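Descriptive analysis of the structure
As a plain string of letters, each chain reads:
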Amino acid sequence: MGEAGNYSESAVQRFRNGLLTQTRDYVAEEVPVALIYNGVPYTVMLATPDDLEDFAVGFSLSEGIVADAGQISLREIRRQEKGVEVWLKIPGDNFRALSQRGRSMAGRTGCGLCGTNSLDEAVRTPSPVGDGVRVATESVARALESLKEGQTLNGVTGAVHGAAWANLDGEIQFIREDVGRHNALDKLIGALVKHAVDLKNGFVVVTSRASYEMVQKTATAGIALLAAVSAPTGLAIRLAEACGLTLVGFARGRDHNVYSHPQRLFYH
């Protein structure tokens, strides 16, 4: 097992260039992670089993369960044979509101909204992100290149997404990885809050597509610019427009598309 059990070694039959060999390979791990608030299970997400405190905090904030990290108390992380339980304490008012949501299904690796049982809760528009930052396009390109180089788990397994926080010069300051793109982003948000990062002085880059929940989580955290290596969805673009977030897609090298609020990007 790798660090925190996030990858393991597996026997593999490999066929390359007409030659069949028996070898070993490193594979990313995913485990059920149960988030338990005030003693009551809320949801189970499939996630890479590291940075789970960051994940719990980021998920709680990006899903609007709490408005401030100070409202979350991590009680215990229990690693069991079939998965991991993360026990959290939140204020009574937040817990009562959470109980009315009824999110009980498991969240699959590729799903950020699994288990949400109402349309209003699933399609939730965050508050406007404000003026935010102005970022040079060269900084976005630099951050994405550094993200690829800094993904240690993906370097071993080739199987995980990355989400990173970059300053205005495009220098990566935090990276989190996970088999789920939304989990990686939640872990990153949790890390930023834990380290009291000023979210007005940087932006987020991700290795995935810019789906609706990625925009929703970024904007809920108060971050004004999200750059993704792949495509956005129509719903993601409409949400970004509505909440004031600058959404960049197909960001590869110095090339990119800007789908909303292009005023935050400038070109030399």
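Our subject in this report is the structure included herewith. Just so we're clear, the structure is a prediction, and the values are computed from it rather than from any experiment.

The biggest cluster of nonpolar side chains holds 28 residues, and the ones touching the most others in it are Trp-165, Leu-188, Val-204, Val-215, Leu-226, Leu-245 and Leu-247. Only strand 9 (161-167), helix 6 (181-194), strand 11 (202-206), helix 7 (212-220), strand 12 (225-228) and helix 8 (234-243) provide two or more residues apiece to this core. The element contributing the most residues to this core is helix 6, with 6 residues. Val-33, Tyr-37, Leu-61 and Phe-95 belong to the second-largest nonpolar core, a separate cluster that totals 22 residues.

Turning our eyes to something else, we now look at unusual backbone geometry. Its identity is not glycine, yet Asn-38 carries a phi of approximately 50°, on the positive side. Locating Asn-38 in the fold gives a position in the loop between strand 3 (31-37) and strand 4 (40-47). You will see that Phe-250, though not glycine, has its phi angle at about 50°, which is positive. Locating Phe-250 in the fold gives a position in strand 13 (residues 246-252).

The full count for this structure, using the stated rule, is 3 aromatic pairs. Their ring planes at 75° and their centres at 5.9 Å tell us that Tyr-37 and Tyr-42 sit as a pair that is edge-to-face. Exposure remark for Tyr-37: the relative accessible area of 0% places this residue in the buried category. The interplanar angle of 55° and the centroid separation of 6.1 Å between the aromatic rings of Phe-55 and Phe-59 together place this pair among those described as tilted. A residue pair is termed a helical-turn pair when its members lie 3 or 4 positions apart in one helix, as Phe-55 and Phe-59 do in helix 1 (residues 52-62) at 4 residues. On the accessibility criterion, Phe-59 (1% relative accessible area) is buried. A cation over a ring is seen here: Arg-78 above Trp-87, with NZ or CZ 4.1 Å from the ring centre.

Whenever strands of a sheet pair, they do so through backbone hydrogen bonds, lying parallel or antiparallel. The 6 strands lie next to each other as 10-9-11-12-13-14, forming an open sheet whose pairing is mixed. Whereas interior strands pair on both sides, the edge strands pair on one side only; in this sheet they are strand 10 (172-178) and strand 14 (255-260). Looking at each pair of strands side by side, their axes are set apart by 20° on average, direction ignored. In terms of strand pairing, strand 9 meets strand 10 through 6 bridges, oriented antiparallel. When the sheet's bridge partners are listed, Ala-163 is paired in strand 10 with Arg-176. Contacts from helix 4 (residues 137-150) reach strand 9, strand 10, strand 11, strand 12, strand 13 and strand 14 within the one sheet, and its direction differs from that of strand 11 by about 50°.

This paragraph deals with the pattern of salt bridges. Within this structure, the stated rule accounts for 14 salt bridges. For Lys-194, the salt bridge is made with Asp-54, and the minimal N-O distance between the two is 3.0 Å. Of this pair, Lys-194 sits in helix 6 while Asp-54 sits in helix 1, placing them 140 residues apart in sequence. Classification of Lys-194 as partly exposed rests on a relative accessible area of 48%. By relative accessible area, Asp-54 is classed as buried at 3%. The salt bridge involving Lys-148 is made with Glu-145; its shortest N-O contact spans 3.7 Å. With Lys-148 and Glu-145 both in helix 4 and 3 residues apart, the pair spans about one turn of that helix. The exposed category is assigned to Lys-148, whose relative accessible area is 55%. Given the relative accessible area of 39%, Glu-145 is considered partly exposed. Because the salt bridges share partners, they merge into one network encompassing Asp-51, Asp-54, Arg-176 and Lys-194.

Each value, and the rule that gives it
Residues numbered from 1 in each chain as written. Predicted model: local features only at pLDDT ≥ 70, side-chain atom pairs only at ≥ 80, totals over all residues. Heavy atoms only, no water. Core = buried A, V, L, I, M, F, W, Y, C linked by side-chain atoms within 4.5 Å. Buried < 20%, exposed > 50% of the residue type's maximum accessible area, 1.4 Å probe, protein only. Helix = DSSP H or I, 4+ residues; strand = E, 2+ residues; numbered from the N terminus. Phe/Tyr/Trp six-rings, centres within 6.5 Å; stacked < 30°, edge-to-face > 60°. Lys NZ or Arg CZ within 6 Å of the ring centre and 35° of its normal. Pairing = 2+ DSSP bridges. Axes fitted to C-alpha atoms, helices over the stretch in contact; angles between N-to-C directions. Contact = heavy atoms within 4.5 Å. Salt bridge = Lys/Arg side-chain N within 4 Å of Asp/Glu carboxyl O.

Treat this as a map of the structure, not an account of what it does.
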